[in-house]
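Per-entry structural report
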Amino acid sequence: MSGRAPLALAPDERLIFALDVPGRAQALEWIDRLGDSVRFYKIGMELLASGEYFQVLDDLAARDKRIFVDLKFFDIPATVAGVIRGLGRWPVSYCTIHGWHPAMMQAAAEANAGTDMRLLAVTVLTSMDGNDLKSMGISGEPEAIVIERALAAQAAGIDGVICSGLEAGPIRHAAGGGFSIVCPGIRPGGPAGDDQKRSVGVAEAFRAGADAIVVGRPIRKAADPRAAASAIQHEIGLAIAK
């Protein structure tokens, strides 16, 4: 069983902005502030707690933005299949599930049949390193664990993975070109001293084989967020043209 081909993304759809805000009002402010510098948005757990999650999803769709639902579903196969079937009724491009349980991933993939949504398996969070894995009883370096989980996701019919740019190259080599790779934790100016432990720059991620990148704080904390997003778009354009 194998997943579907990666989304056909325009160059300016390869930057995904992490819309990590507490509510709809703040989300709309950011969408307006960034304007045409961002065409793809990730909405995650912080926004979910507001009770306005699907209102923002509709707002993004109405503005012709691509949508990434990042809720990292992880439960018994029947429960995850049910939520994927439900979510498939919405205009979602990417959705995350955890990549830890082959039967759950297979159930999710089967439930997603017939939609345009691509399922991405979360391998190892970019805020974790080898020491974190060891503390959880997982032996092996992050790269080995990530590749193992990526191949298990591919075998279960999942369309791609979320992974650090550090592992994008080895995954691309192991899984081939028909597998989606989306890299969060991107730090355009290098390590920022935050909770991201396995981060890379923009060009490095695309050279390694990423289809798209997720950027949050480097844009949100910039003096001019729109200019920061536009600068990243320019760097992406240069990287994918090579």
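Residues numbered from 1 in each chain as written. Predicted model: local features only at pLDDT ≥ 70, side-chain atom pairs only at ≥ 80, totals over all residues. Heavy atoms only, no water.

**Some thoughts on the pattern of salt bridges**
Selection criterion: Here a salt bridge means any side-chain nitrogen of Lys or Arg lying within 4 Å of a carboxyl oxygen belonging to Asp or Glu. Secondary structure counts use DSSP, requiring at least four H or I residues in a row for a helix and at least two E residues in a row for a strand, with both numbered from the N terminus. Exposed residues in this analysis have more than 50% of their type's maximum accessible area, buried residues have under 20%, and partly exposed residues fall in between, with area computed by a 1.4 Å probe over protein chains only.
According to the stated counting rule, one finds 12 salt bridges in the structure shown. Two residues, Asp-59 and Arg-24, come together in a salt bridge whose shortest N-O distance is 2.8 Å. With a gap of 35 residues between them, Asp-59 in helix 3 (residues 53-62) and Arg-24 in helix 1 (residues 24-34) connect regions that are remote in the sequence. Asp-59 gets classed as buried once you look at its relative accessible area, which sits at 13%. Judged by its relative accessible area of 28%, Arg-24 is partly exposed. The network of salt bridges with common partners includes Asp-20, Lys-42, Asp-70, Lys-72 and Arg-220.

**Brief notes about the UniProt feature "active site" (unreviewed entry) in the protein**
As a reminder, the rule being used: UniProt positions are given in the numbering used here, feature names are shortened, and annotations may be inferred rather than shown by experiment.
What UniProt calls "active site" (unreviewed entry) maps, in this numbering, to Lys-72. If you trace the backbone, Lys-72 turns up in strand 3 (residues 66-73).

**A few points about the nonpolar core**
Cut-off, in case you're wondering: In this text, buried Ala, Val, Leu, Ile, Met, Phe, Trp, Tyr and Cys residues form a nonpolar core when linked through side-chain atoms within 4.5 Å. Here, two residues are considered to be in contact whenever any of their heavy atoms come within 4.5 Å of each other.
Counting residues in hydrophobic clusters, the biggest one holds 63 residues, and the most contacted among them are Leu-15, Leu-19, Ile-43, Ile-84, Ile-97, Ile-171 and Ile-213. Counting residues per element, this core draws most heavily on helix 5 (residues 102-111), which supplies six residues. Apart from residues no more than four positions distant in its own chain, Leu-19 is found in contact with Ala-27, Trp-30, Ile-31, Tyr-41, Lys-42, Ile-43 and Val-56. Formed by 13 residues, the second largest nonpolar core is a distinct cluster that contains Leu-7, Leu-9, Tyr-94 and Val-182.

**Side note on the confidence of the model for the protein**
In plain terms, the rule: The predictor attaches a confidence to each residue, and that confidence, scored 0 to 100, is pLDDT.
Model confidence for the protein is summarised by a mean pLDDT of 89, while 88% of its residues fall at 70 or above. Taken as a whole, residues 190-195 scores under 50 in pLDDT and shows five contacts with residues more than four places along the chain or in a different chain.

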